[in-house]
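Topology and contacts: notes
Listed below are the residues making up each chain.
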Amino acid sequence: YVKTQLQMKSGGEWGISYTPKATGNHRLQVKVNSQNVAGSPFDVEVKGNDTPVLTIGREGIAVGELNKPTDVAVDKDGNIAVVEQGNKRVQIFDANSGDSLGSFPVEGEKPFGIDVDSDGRFLVASWGENFGVRCYTKEGELLNTFKPDCMSSPHGLTVLKDG
């Protein structure tokens, strides 16, 4: 038996977490009132904590390659968006496979920060000459550039939960 932690989630769902003592393949049996829950037992592959779950890109300029990545965000579909200062682009990666799903160029001398709003639009902060915060569609079309007087060289941004 392994010590577990339970967390009540919404809609009557429960989350279960545990810390195994060994790497390798494990069979996790979950019971409530001595009855297996649906799908139990579960087969789980446990990797060492120094093994990455997902690796995306390698150094370069081609599709699937990265040049000076400075920030990441997760879009509404669960994909990983990476802003690259060296390639001056946003590249989208599949969160399951790590494959590039596409990219689009961004304006500004040094793109540095990225986030996604509640409508799925990308906001990219850039500093240096032609600094600002730019809003792009998920297809990469530039919608707006924000450059208020109180901003001089943004090095990041965060979109609040309400969008």
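Computed from a prediction, not measured in an experiment: that's the story for all the values here.

Some words on the packing of aromatic side chains
Within the structure shown, the criterion is met by two aromatic pairs. With 5.8 Å between their ring centres and 50 degrees between their planes, Phe104 and Phe122 make a pair best called tilted. In this pair, Phe104 is assigned in strand β10 (residues 100-105) and Phe122 in strand β12 (residues 122-127), connecting sequence segments 18 residues apart. Neither Phe104 nor Phe122 differs from the other in exposure class; each is buried. For Phe104, a relative accessible area of 5% translates into the label buried. Aromatic rings pair up to connect Phe104, Phe122 and Tyr136 into one cluster.

With respect to the pattern of salt bridges
The final tally for this structure, using the stated rule, is six salt bridges. The shortest N-O distance in the salt bridge between Glu65 and Arg58 comes to 3.4 Å. The buried category is assigned to Glu65, whose relative accessible area is 14%. Judged by relative accessible area, Arg58 falls into the exposed class, the value being 60%. Across the salt bridge formed by Arg89 and Glu84, the nearest N and O atoms sit 2.5 Å from each other. According to the relative accessible area criterion, Glu84 is buried, its value standing at 0%.

What about a nonpolar patch on the surface?
Judged by side-chain polarity, Leu6, Met8, Trp14 and Ile16 come together as a nonpolar surface patch covering roughly 490 Å² of accessible area. Within the fold, Met8 resides in strand β1 (residues 4-8).

Here we look at the sheet that holds strand β8 (residues 80-84)
Across the sheet, which stays open at both edges, the four strands sit in the order β7-β8-β9-β10 with antiparallel pairing between neighbours. Each having just a single partner strand, β7 (69-74) and β10 make up the two edges of the open sheet. Averaged over neighbouring strand pairs, the angle between their axes works out to 20 degrees when direction is ignored. When β8 meets strand β9 (residues 89-93), the two strands line up antiparallel, connected through five bridges. Opposite Glu84, over in β9, you have Arg89 as the bridge partner.

Scoring rules and cut-offs
The written sequence of each chain sets the order in which its residues are numbered from 1. Where local features are concerned, this predicted model is filtered to residues with pLDDT of at least 70; where side-chain atom pairs are given and counted, the filter is 80 or more; whole-chain, interface and lining totals use all residues. Hydrogens are left out, water is left out, and the side-chain values use all remaining heavy atoms of the structure. Ring pairs are drawn from Phe, Tyr and Trp, using the six-membered ring of Trp, whenever the two centres fall within 6.5 Å, and their geometry is named by plane angle: stacked under 30 degrees, edge-to-face over 60, tilted for the rest. The secondary structure listing takes helices from DSSP runs of H or I that are at least 4 residues long and strands from runs of E that are at least 2 residues long, numbered from the N terminus. For every residue, the accessible area obtained with a 1.4 Å probe (protein chains only) is divided by the maximum for its type, and the residue is called buried under 20%, exposed over 50%, and partly exposed between those limits. The salt bridge definition used is simple: a Lys or Arg side-chain nitrogen within 4 Å of an Asp or Glu carboxyl oxygen. Each patch groups residues whose relative accessible area exceeds 30% and which form no salt bridge, using 9 Å between like charges and 5 Å between nonpolar side chains of Val, Leu, Ile, Met, Phe, Trp and Tyr. Shrake-Rupley sampling with a 1.4 Å probe provides the accessible areas, and residues are treated as covered by the protein chains on show and by no other component. Note on pairing: two strands pair once DSSP finds at least 2 bridges between them. With axes taken as lines fitted to C-alpha atoms, and helix axes fitted only over the stretch in contact, angles between N-to-C directions fall between 0 and 180 degrees.

Without other data, these values stay purely geometric and don't point to any function.
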